[in-house]
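Spelled out, the chains give:
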Amino acid sequence: MSRRNFTQFASLAAVAATASQQAGASDSSSPSPSNSASSSQIQPVGGNTIETTGNKIPLAPPNDQPPNLPIPEVPKKKMGWAVVGLGQLALGQIMPAFGLCDYSEPRALVSGHPAKAKTVAKAYDVAKDAIYQYDNFDEIANDDRIDIVYIVLPNSMHAEYTIRALEAGKHVLCEKPMAVSIDECQRMMDSAEQVNRQLMIAYRLHYEPFNRKVMQMCDEKRFGEIKTFSGSFCINVDAPNIRLARELGGGPVGDVGVYPINAARYVTGEEPVEVFAHAHQPGDDPRFREVPESVSCLLKFPSGVLANLDCSFNTHRSDFYRVACADGVIELSPAFSYNGQRLMTHQPSGSDEPNVVIQHELSAVNQFASEMDHFSQCIINNQANRTPGKEGLADMRILAALDESIRQSRPVKMN
């Protein structure tokens, strides 16, 4: 439209508007439908009021608040964690997992390597004055930023630093195995009770959906009575590695063997009454001059379930368990890894066709984040945790009996 045409169009519109207003003024005394009892008032832009009919629609939100107004969530309360020991597990799994936590955050570090600790602290926004060494570890008692201490040290150091952390007034999550002796486990539990603090053992698979699904299936006897359990966790360990040092509590049974041992217990819901184990310690491999290379063991449970387990530090990775029941089979492979679990069940088809095989799909989680948040929530809500010290003590009793069986080359009955 040209400027000239636009001007003409605007002039005509103005004339029409003037005529309309005059007509409205001359008819103002005449009755019209707009004056009926059902009419309502609308205030348009410009300030004039016009009449309309129909149901009354609220034009302003109730209480002067727009509908569907997004309300920000109240931030979740987070527990402050101190990570003790900055080795491969801590740096590769635990510290990154804090980024996935809702109730846990790292607020302190304990390490014998100050330079490494400073770098890690900077990466995870831990304050410089919250970096401790082992010689001033007990000063955490004065640090109110710390609620929970995570012990990620060699097995031989678990008891000492767990007890010191508890005595400093902190709750403790301790890596498995809980300790290197039954006596140490008992002292750790006694200390937690004396200072009224929680002690939890880091059985991360108790917080992993696929293993929990197997627990549920077995508890419900989904496939009938359990008859046998077989499990394997084997890896290849190169020297140097603390797993190969006896004085640090190394060896395949306490390191990787504890996984199928614990799984046999949480699958059956029972404690073994007898154990039998054999170990192989080759003389031609210097890696195994202090600890066995491989161990195979048999656990017998009160119901008659037999569990065959093996563990090794000198094989290709083997990571699974299999539950043979009266009316089906449950398989989890891998079972003990940080991720990638696959759950399969086998059961009769009810015809001449092969067995029905189902792969169960579940949402995976970060096992360390799930585990830590569980403990944080237990502290926040003053609730008991799922894997307390008695869980670690039960496994330690089995480890001690297996060691006795290996030394004496005979079955050992559990007390």
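Everything numeric here is computed off the predicted structure, so don't read it as measured data.

### Let's talk about the packing of helix α5 (residues 182-195) against helix α9 (residues 389-408)
Okay, so step 1: It is at 9 Å that the axes of α5 and α9 come closest, and there the two elements cross at 170 degrees. What the angle tells us is that α5 and α9 run roughly antiparallel. Residues Ile182, Cys185, Gln186 and Met189 of α5 form the contact with α9, whose participating residues are Gly389, Lys390, Gly392, Leu393, Met396, Arg397 and Ala400.
Okay, so step 2: Grouping the constituent residues of the contact of α5 with α9 by class yields six nonpolar, three polar and two charged.

### Some points on the sheet that holds strand β5 (residues 131-132)
Backbone-to-backbone hydrogen bonds join strands into a sheet, with any given pair of strands oriented parallel or antiparallel.
Okay, so step 1: One open sheet holds the six strands; their spatial order is β5-β4-β3-β6-β7-β8, and the pairing between them is parallel. Since the sheet does not close on itself, it has two edges, and those belong to β5 and β8 (199-201), each with one partner.
Okay, so step 2: With four bridges connecting them, strand β6 (residues 148-151) and strand β7 (residues 171-174) associate as parallel partners. If you follow Tyr150 over to β7, its bridge partner there is Leu173.

### As for the pattern of salt bridges
Okay, so step 1: In total, this model carries 19 salt bridges according to the counting rule given.
Okay, so step 2: Between Asp147 and Arg107 there is a salt bridge; the shortest N-O distance is 3.8 Å. A residue pair is termed long-range when its members are at least 10 positions apart, and Asp147 in the loop between β5 and β6 and Arg107 in strand β4 (residues 104-110) qualify at 40 residues.
Okay, so step 3: For Asp147, a relative accessible area of 22% translates into the label partly exposed.
Okay, so step 4: Notably, a salt bridge pairs Arg222 with Glu220, separated by 2.9 Å at the nearest N-O pair.
Okay, so step 5: One connected set of salt bridges, linked through shared partners, spans Arg265, Glu271, Glu391 and Asp395.

### Comments concerning the pairing of strand β13 (residues 314-325)
Okay, so step 1: Sheet topology places strand β9 (residues 226-236) next to β13; nine bridges connect them, and they run antiparallel. Each bridged residue has a counterpart across the sheet, and for Gly231 the counterpart in β13 is Tyr321.
Okay, so step 2: The antiparallel pairing of β13 with strand β14 (residues 328-332) creates a hairpin that spans two residues between the two strands.

### Brief notes about the confidence of the model for the chain
Okay, so step 1: Within the chain, residue pLDDT values average 89, and 85% of them lie at 70 or more.
Okay, so step 2: This stretch, residues 6-40, has a pLDDT under 50; its non-local contacts, to residues over four places away or in other chains, come to 13 contacts.

### Focus: the sheet that holds β9
Okay, so step 1: Taken in spatial order, the nine strands of this open sheet run β16-β15-β14-β13-β9-β12-β11-β10-β17, and their pairing is mixed. Of all the strands in the sheet, the pair left with one neighbour each is β16 (356-360) and β17 (412-413).
Okay, so step 2: With two bridges connecting them, strand β10 (residues 274-280) and β17 associate as antiparallel partners. What sits directly across from Val275, in β17, is Val412.

Thresholds applied
- Residues numbered from 1 in each chain as written.
- Predicted model: local features only at pLDDT ≥ 70, side-chain atom pairs only at ≥ 80, totals over all residues.
- Heavy atoms only, no water.
- Axes fitted to C-alpha atoms, helices over the stretch in contact; angles between N-to-C directions.
- Helix = DSSP H or I, 4+ residues; strand = E, 2+ residues; numbered from the N terminus.
- Parallel < 35°, antiparallel > 145°, perpendicular 65-115°, else oblique.
- Contact = heavy atoms within 4.5 Å.
- Nonpolar A, V, L, I, M, F, W, Y, C, P; charged D, E, K, R; others polar.
- Pairing = 2+ DSSP bridges.
- Salt bridge = Lys/Arg side-chain N within 4 Å of Asp/Glu carboxyl O.
- Buried < 20%, exposed > 50% of the residue type's maximum accessible area, 1.4 Å probe, protein only.
- pLDDT = per-residue confidence, 0-100.

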